[in-house]
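Descriptive structure summary
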Amino acid sequence: MAEKKTTKKAAAPKAEAPKKATVKKAAAPKKAAAPKKAVIAVNAENAGFKAGDVYQALAAAGKALTVKEIAKAAKISEEETLLGLGWLFKEGKLATADEKITLA
């Protein structure tokens, strides 16, 4: 019996399909790492210390300050400032006028 020789047919060149227009997607803006927030221990001792910091900042300023200004002067976060303000308001040691806080 005669063996058949197998030959590969030359593949007919494929007609190139028209290239699709590629649209580059804009890279999503990288999210900046959120600043770490200070963990505030809410207890009587910590609230009392923050109240002292707030009181000293207001006494040193001698004028009405906003919450941000108090936090900056006392070198504590705004959350800690609010904790101290709550303590001082409860004791009746603060007064407010036009979104500013002063010693009563």
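So, here's what we can say about the structure. (Residues numbered from 1 in each chain as written. Predicted model: local features only at pLDDT ≥ 70, side-chain atom pairs only at ≥ 80, totals over all residues. Heavy atoms only, no water.)

1. Some remarks on the side chain of Asn-46
Turning to its location among the elements, Asn-46 is positioned in helix H1 (residues 44-61). Given the relative accessible area of 16%, Asn-46 is considered buried. In this structure, Asn-46 is in contact with Ile-40, Ala-41 and Leu-83, ignoring residues within four places of it in sequence. (Helix = DSSP H or I, 4+ residues; strand = E, 2+ residues; numbered from the N terminus. Buried < 20%, exposed > 50% of the residue type's maximum accessible area, 1.4 Å probe, protein only. Contact = heavy atoms within 4.5 Å.)

2. Focus: the environment of Phe-89
Along the polypeptide, Phe-89 turns up in helix H3 (residues 78-91). In this structure, the C-alpha to C-alpha distance between Phe-89 and Leu-103, residues 14 residues apart in sequence, is 9.8 Å. The contact partners of Phe-89, leaving out residues within four places of it in the chain, are Leu-94, Thr-96 and Ile-101.

3. Brief notes about the pattern of salt bridges
A full pass over the atoms with the stated rule returns 2 salt bridges. Across the pair Lys-50 and Glu-80 runs a salt bridge whose closest N-O atoms are separated by 3.7 Å. Taken together, the residues span a long stretch of sequence, with Lys-50 in helix H1 and Glu-80 in helix H3 at a distance of 30 residues. Pair check on accessibility: Lys-50 and Glu-80 agree, each one buried. Across the salt bridge formed by Glu-91 and Lys-93, the nearest N and O atoms sit 3.8 Å from each other. Given the relative accessible area of 43%, Glu-91 is considered partly exposed. (Salt bridge = Lys/Arg side-chain N within 4 Å of Asp/Glu carboxyl O.)

4. So, H3
Across its 14 residues, H3 extends 20 Å between first and last C-alpha, which sits within 8% of the 20 Å expected from 1.5 Å per residue. Those residues of H3 that sit buried are Glu-80, Thr-81, Gly-84, Leu-85 and Leu-88. All buried residues of H3 lie within an arc of 135° about the axis, which places them on one face of the element. In this structure, H3 carries Leu-82 and Lys-90 as exposed residues pointing more than 90 degrees from its buried face. Close packing links the buried residues of H3 with H1, helix H2 (67-74), strand S1 (94-97) and strand S2 (100-103). (Expected span 1.5 Å × (residues − 1). Arc of directions from axis to C-beta.)

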